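Observations on chain architecture
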Amino acid sequence: MQTKKSAPKSKKEEEIIIQLKEVHKIYDMGESKVHALDSLDLKIHKGEFVAIMGPSGSGKSTAMNLVGSLDIPTKGAIYLDHHNIADLHESDLAQIRGKKIGFIFQQFNLIPNLTAKENVMLPMLFQGISREEREDKAEELLKLVELEDRMDHYPKQLSGGQQQRVAIARALSNDPEVILADEPTGNLDTHTGEIVMEFLSKLNKQGKTIIMVTHSPELAQKHARIVYWLKDGKLEKITRKK
Amino acid sequence: MKIDYFFIALKNLRRRGLRSWLTLLGVVIGIIAVVSLISLGDGLKMAVNSQFGISTTEVITVQAGGISGYGPPGSGAVNPVTIKDAEAIEKLDKVQYTIPRRVKSLELEYNNKLVIGFGTDVPEGEKEKFMYSTVDITAKSGRLLQDGDTNKIVIGHDLADTTKNGFDKPLSVGDNLKVNGKDYRIVGILEKKGSFIWDKIVLIKSPEMKSLLNLNDDVNIIAVKVISKDLMAQAKLDIENLMRKRRNVKIGHEDFQVSTPEAELATVNSILTGIQIFIALIAGISIFVGAVGIVNTMTTSVLERTKEIGIMKAIGAKNSDVFFQFFIEAGMLGLVGGIIGVSIGALIGFAGTQGINSFIGSQSPFNINWILILATLVGSFVIGSISGIAPAMKAANMNPVEALRK
């Protein structure tokens, strides 16, 4: 799917897929202002497995929204595949988001009145892909997450673990470079959580960049090679797996 | 590609609760009114027009009182028109001739059953032919009356029909029917005319009726044949002047009525048009209420599905995609209302036409107007989608982060 290469850059820079430069996010709550992110710098390279760690209120959710280009910073710049997202028009941003990033949520967030297969097909619809191609791709991806016998089930007919696997299949449907997982195991028991994490690890080995937001140090350190520790909207430390 | 939005919209509609279907009631009622009104209105006009039973347009009718029409009432009116009036009118230069006519109720007896029917007289000589062509009657079996026919009658179509005549026995040419106690032989049966008077009429020669009922010079109606169609309006004025003079009344205080068939039809049609406008108004109001209902249910739906909108945006839906999704859904909601409304409306139109037909004995066909149906369905989709614009815009402009937090 990666057809377009940007103009030649240094090798190191070319590998950066998402970059946050001195990013501030301030929420105006009327009387007071909440400084959710305070001059955050972040570089995510292609093919990495990154965890963004921190207790609640640390700004990690805000960071995830910005990394996922769902939100724009109050100050600072965010580059997604070398585009400054602040410069992009809403529809271009949606297009890039749909193509480059696959979201996995803690709440699974499947559309309740669409079947597993239709849920997986939906992101491709927004990219203007033909129905046949969408169907083929959705079936292929549901096989990959071992749900080929659940394709026509509705979300409420599936267990939590199955729903999250459908969500993974959906996240992969446009062949994105980045998988952004927000507490992917937060609503699952340990065992099914492990299965989901195995899928993510497998995808990472196949070359996908994985960004996982979590409050669990255990999970972060077990799977991610780089962990960004946030505290009070600032980067506290970076740890790397040897 | 956009066709997929219709599929998704359909799925979304299927899971909707009773509440959102109830808001469609306005659209449904409005469309029922429109469809049944149009199909019924056409039938009604045809039925009413056929009641007049006059096919020649150069005929002016003169009758006493202010009652229009051809019916038997009027004979008891204050100052009836008479044969003398007819003779005076005939002397006007724009008038070819006149036919004084009587419509009387008669006691008909057959198979030991007594039925009250209408009889009208057939004039003598040249005027006989004129009368037949004016009211446009032909014999289905047997023949029409001729000069010199004594003790002979011709009866309307339904009077021969055992299911409609009340005698529990069919009548045919050659049978004897007792009219006011006297036996008459049936020499002819008329073609069905689709008019409740004409299909149950008893035709009887003028002298015969006069002696049978012991009548004086009073008549119910004077049919006036004008020399040419172009002179209709002038002839009408002349007749009115003459009648005012003869009856000694002032303009505006006429106790008689001079009317042309066209004018009578125009009066009836204008009443029907008035009714149609009134129902159209009701239809318009209920469609408006229905549209507000769609706005309401779509707004609720957008609020309920805020999270879904957030998800759609996160997985790459543009604002326009979200807008289109809700826009189509509102249109489909309207379309469902349209389909229900058209179905019920067509049924009412059909039942109504049948009802009118059996009530007044007319034979108006029920036509399904496909263009009307198609236009109504397209219209209901458009009304729905227009109602969906504001809610869909609200959905489209949601901030994805806030929407996902719900």
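What counts and what doesn't
- Residues numbered from 1 in each chain as written.
- Chains lettered and ligands numbered in written order.
- Predicted model: local features only at pLDDT ≥ 70, side-chain atom pairs only at ≥ 80, totals over all residues.
- Pairing = 2+ DSSP bridges.
- Helix = DSSP H or I, 4+ residues; strand = E, 2+ residues; numbered from the N terminus.
- Contact = placed C-beta atoms within 7 Å.
- Nonpolar A, V, L, I, M, F, W, Y, C, P; charged D, E, K, R; others polar.
- Buried ≥ 20, exposed ≤ 12 C-beta atoms within 10 Å, placed from the backbone.
- Domains from an automatic or database assignment.

1. A short note on the pairing of strand β2 (residues 32-45) of chain A
Residue and element names in this part refer to chain A.
- Where strand β1 (residues 16-29) meets β2, 10 bridges bridge the pair, whose relative direction is antiparallel. Looking at β2, one finds that L20 is bridged to L42.
- Where β1 folds back on β2, the antiparallel hairpin that results is connected by 2 residues, among which G30 adopts a positive phi of roughly 80 degrees.

2. A word on the interface of chain B and chain A
- The interface of chain B with chain A comprises 18 residues on the first partner and 24 residues on the second.
- Mapped by element, the contributors of at least two residues to the side of chain B that touches chain A are α1 (3-14), α10 (306-314), α11 (319-360) and α13 (400-405) of chain B.
- Residues of the side of chain B that touches chain A, tallied by class, amount to 7 nonpolar, 4 polar and 7 charged.

3. Comments concerning the sheet that holds β2(A)
- Overall, antiparallel pairing links the 4 strands, which are arranged β2-β1-β4-β5 (chain A) in an open sheet. On the outer flanks of this sheet lie β2 and β5 (83-84) of chain A, each paired with one strand and no other.

4. Focus on the environment of E133(A)
Residues and elements named next belong to chain A.
- Looking at where E133 falls in the secondary structure, it is placed in helix α5 (residues 131-144).
- A tally of 11 C-beta atoms within 10 Å means that E133 is categorised as exposed.
- Taking C-alpha positions, E133 is 13 Å from E118, a pair spaced 15 residues apart along the chain.

5. Notes on the domain arrangement of chain B
Residues and elements named next belong to chain B.
- When the domains of chain B are assigned, the result is domain 1 (3-51 + 265-405), domain 2 (59-98 + 216-259) and domain 3 (103-214).
- Each of domain 2 and domain 3 has a C-alpha centre, and the two are 26 Å apart.
- With 8 residues of domain 2 at the contact, the number on the domain 3 side is 8 residues.
- A per-class count over the side of domain 2 that touches domain 3 returns 5 nonpolar, 2 polar and 1 charged.

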